[in-house]
Amino acid sequence: MGKNHEEVQLIGTWVSPFVFRARVALNLKSVSYEFLEEKVGAKSDLLLKSNPVHKKIPVLIHHGKPICESLVIVQYIDEVFDGVKILPEDPYDRAIHRFWAAFLDDKFFPALKTIRMVQGEEVQKKLVEIKEGLALLDEALVKLSKGKPFFGGDQLGYLDIALSGFVAWIQVREKTYDVKLIDESIIPNLAAWVDSLRAHPAVKDIIPTADGLIEWVRVNLGPPPAPAAN
Amino acid sequence: MAPQGEVKVLGAWPSPFVMRPRIALNLKSVEYEFVEENPGNKSELLLKSNPVYKKIPVLIHGDKPVCESLVIVQYIDEVWKDSTSILPSDPYDRAMARFWAAYVDDKMFPTMREIVAANEDEAKAAAVALFKEGLSLLEEALVKMSKGKKFFGGDEIGYMDIAFGCYISWFKVTEIVSNVKLFDESATPHLVAWIHSFSSHPAVKDVMPETDKLMEFAKNVVFPRIRAAAAAK
């Protein structure tokens, strides 16, 4: 498979859920790549040159050409490299995978991310939002998986990859707020999915631990910001 | 062989997002029923077809609903694949089209809203400057992607044309109501020419809202809402 050994670089960090998506996709296609780790607080010249519009990770560089935005990168990887198909064949199934991937970025992740910025009542509201999102995803999993372990069926698919990067961060929130978000009594399908995902060869060696992320946050981001005065 | 099943689009005439699937269906010469929704009184069909967001547009093909405008456009492109292609065939060009489509939704439309919401000159000027920075990036992107032709998609309208072009009427209305000039032939000549080519394209002109009608709607309904939301923050 000559194609899968051409020069590929990925600019990112081990903590970013968006970079994680690209890494899983590359692993799934057995593409060897050079992982260029960005340092916290100091963006590399290569990153600034490769993603001048957003100056953000991940950036995939293939044949010297940069591709930005994690889901754009995942689709590019699917279209260029041989191997397991990431997006399903059927256009309607593709639309459903894309719909939920957009939901993750537009609704789910903002709630997961911004819970750090709020206190008291607002924390509870965010937790409810996160749980509601997970319940919707559990339902979607039942419909899309058709009894198999993943959204993609037997194999990891687009939505599996889109969600994969958030698993460790969901577990960080569980520890920080002492709450069960992936509750097997409420969302049994998604709970089983998490176990299958963690064991998958494309994932198991690169998925961060919740403790590792908590330590990283402590060292690099410090305590959560105080709530803004009104 | 044309795929089986009736096609409906649930939408509303002012919505830029609703324009996207309509343009895509027109490009593919697919007949469809346009169901005009009243946002203040959403139909059962809409609530059932898009339970997650309860928003337009929704494409219903046979009995299957597809939601989110750019997801719908890609679906249309993939189902009616014997027709003109909306996404380019080269993977890198596809990535560029997807990247810039995400950019206009994430950056350009919110900045337009900031222009509308601004109630002091300084804030307005800052938002306008930000918008124009975005336009100069898009001017560059147009030159690269069009390869000398009229559209981001080349000779024919493509994914990025649809994603960005749907906002044209809203940008025009913002210019008039907020008394700002956003598009300047000297700064972004290709974009200015593109606006004209896109707006007069047969797949577009009948679904693009008339500026006068949209202006009334914007002034009376939408812009006050945008200002109220900004004030509440």
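Every value quoted in this text rests on a predicted model; they were computed, and no experiment measured them.

How each quantity is defined
For every chain, the first residue of the written sequence is number 1, and numbering continues from 1 along that sequence. Chains carry letters from A onward and ligands carry numbers from 1 onward, assigned in written order. Local features in this predicted model are restricted to residues of pLDDT 70 or higher, and side-chain atom pairs are both shown and tallied only at a pLDDT of 80 or more, whereas totals for entire chains, interfaces and linings draw on every residue. Side-chain numbers here rest on the full set of heavy atoms in the structure, without hydrogens or water. One bridge is not enough; two strands pair if DSSP finds at least two bridges between them. Helix numbers and strand numbers start at the N terminus; a helix is a DSSP run of H or I with at least 4 residues, a strand a run of E with at least 2. Fitted lines through C-alpha atoms give the axes, limited to the stretch in contact for helices. The angle between two N-to-C directions lies from 0 to 180 degrees. Contact between two residues is taken to exist if any of their heavy atoms lie within 4.5 Å; hydrogens are not considered. Once two parts are joined, some of their accessible surface, as seen by a 1.4 Å probe, is lost; buried area is that loss totalled over both. For this document, the term salt bridge refers to a Lys or Arg side-chain nitrogen within 4 Å of an Asp or Glu carboxyl oxygen. A 3.5 Å cut-off defines polar contacts: any pair of N or O atoms within that distance qualifies, except that in protein one atom must be a possible hydrogen donor and the other a possible acceptor, and neighbouring residues in sequence count only when both atoms are side-chain atoms. Here roughly perpendicular refers to angles of 65 to 115 degrees, roughly parallel to angles under 35, roughly antiparallel to angles over 145, and oblique to all remaining angles. Classes in brief: Ala, Val, Leu, Ile, Met, Phe, Trp, Tyr, Cys and Pro nonpolar; Asp, Glu, Lys and Arg charged; the others, Gly included, polar. Only protein chains enter the accessibility calculation, which uses a 1.4 Å probe; a residue whose area is less than 20% of its type maximum is buried, one above 50% is exposed, and one in between is partly exposed. The directions considered for the arc run from the helix axis to the C-beta atoms. Confidence of the predictor at the level of single residues is captured by pLDDT, which takes values from 0 to 100.

Next up on the list: the sheet that holds strand S2 (residues 34–37) of chain A. Residues and elements named next belong to chain A. Reading across from one edge, S2-S1-S3-S4 is the order of the four strands in this open sheet, with mixed pairing throughout. Edge positions in the open sheet fall to S2 and strand S4 (65–68), since each of these has one partner strand only. Strand-to-strand, the axes of this sheet are offset by a mean angle of 25 degrees, without reference to chain direction. Note that strand S1 (residues 8–12) and strand S3 (residues 59–62) share four bridges and pair antiparallel. For Gln9, the partnering residue across the bridge sits in S3 and is Ile61.

Let us look at the interface of chain A and chain B. In this complex, chain A contributes 24 residues to the contact, which on the side of chain B involves 25 residues. In this assembly, chain A packs against chain B so that about 2,200 Å² is buried in total across both faces, 70% of it on carbon and sulfur atoms. Area buried by chain A at its contact with chain B is led by Tyr92, Arg98 and Phe99 of chain A, which between them contribute 27% of it. The interface formed by chain A and chain B includes four salt bridges. In this structure, Arg94 of chain A and Glu78 of chain B form a salt bridge, with 2.8 Å as the shortest nitrogen-oxygen distance. Taken together, chain A and chain B are joined by eight residue pairs in polar contact (both at pLDDT 80 or more). When residues of the side of chain A that touches chain B are traced back to their parent elements, those giving at least two are S4, helix H3 (70–80) and helix H4 (91–114) of chain A.

Turning next to the packing of helix H6 (residues 158–177) of chain A against helix H8 (residues 210–220) of chain A. Residue and element names in this part refer to chain A. One way to put it is that H6 packs onto H8 with a least axis distance of 8 Å and a crossing angle of 75 degrees. As far as their axial angle goes, H8 and H6 are roughly perpendicular. Touching Ala168, Trp169, Gln171, Val172, Lys175 and Thr176 of H6 are Ala210, Asp211, Leu213, Ile214 and Val217, all from H8. Its residues assigned to classes, the contact of H6 with H8 shows seven nonpolar, two polar and two charged.

All names here are of chain A. Taken as a whole, H8 has its buried residues at Ala210, Leu213, Trp216 and Val217. Seen along its axis, H8 keeps its buried residues to an arc of 125 degrees; they face one direction. Facing away from the buried side of H8, by more than 90 degrees, are the exposed residues Arg218 and Val219. Elements that come into contact with the buried residues of H8 comprise H6.

Bringing the confidence of the model for chain B into the picture now. On average, residues of chain B score 95 in pLDDT, and 99% of them are at 70 or above. With a pTM of 0.95, the predicted complex shows an ipTM of 0.95.

Turning next to the pattern of salt bridges. Scanning the entire structure with this criterion turns up 17 salt bridges over all chains. With a closest N to O distance of 3.0 Å, Asp78 of chain A and Lys29 of chain A form a salt bridge. You can see Asp78 of chain A sitting in helix H3 and its partner Lys29 of chain A sitting in the loop between helix H1 (17–28) and S2, a full 49 residues away along the chain. Side by side, Asp78 of chain A and Lys29 of chain A carry an identical accessibility label, which is buried. Where salt bridges share partners, they join Glu79 of chain A together with Arg94 and Arg98 of chain B into one cluster.

Residue and element names in this part refer to chain A. Where helix H5 (residues 121–145) contacts helix H7 (residues 188–199), the two axes come as close as 8 Å, and the packing angle between them is 80 degrees. Classified by the interaxial angle, the pair formed by H5 and H7 is roughly perpendicular. Across the interface between the two elements, Leu134, Leu137, Asp138, Leu141 and Val142 from H5 touch Pro188, Asn189, Leu190 and Trp193 from H7. Class assignment for the residues of the contact of H5 with H7 results in seven nonpolar, one polar and one charged.

For the rest of this paragraph, the subject is the environment of Arg225 of chain B. All names here are of chain B. Among the structural elements, Arg225 can be located in helix H9 (residues 211–232). Using a relative accessible area of 57% as the deciding quantity, one classes Arg225 as exposed. Between the C-alpha atoms of Arg225 and Asp106, which are 119 residues apart in sequence, the distance is 20 Å.

A few words now on the environment of Leu59 of chain B. Residues and elements named next belong to chain B. Within the element layout of this structure, Leu59 appears in strand S3 (residues 58–61). A sequence separation of 26 residues divides Leu59 from Glu33, and the C-alpha atoms of the two residues are 10.0 Å apart. Beyond its immediate stretch of four places on either side in the chain, Leu59 contacts Val7, Lys8, Val9, Leu25, Lys64, Pro65, Val66, Ile72, Tyr75 and Ile76.

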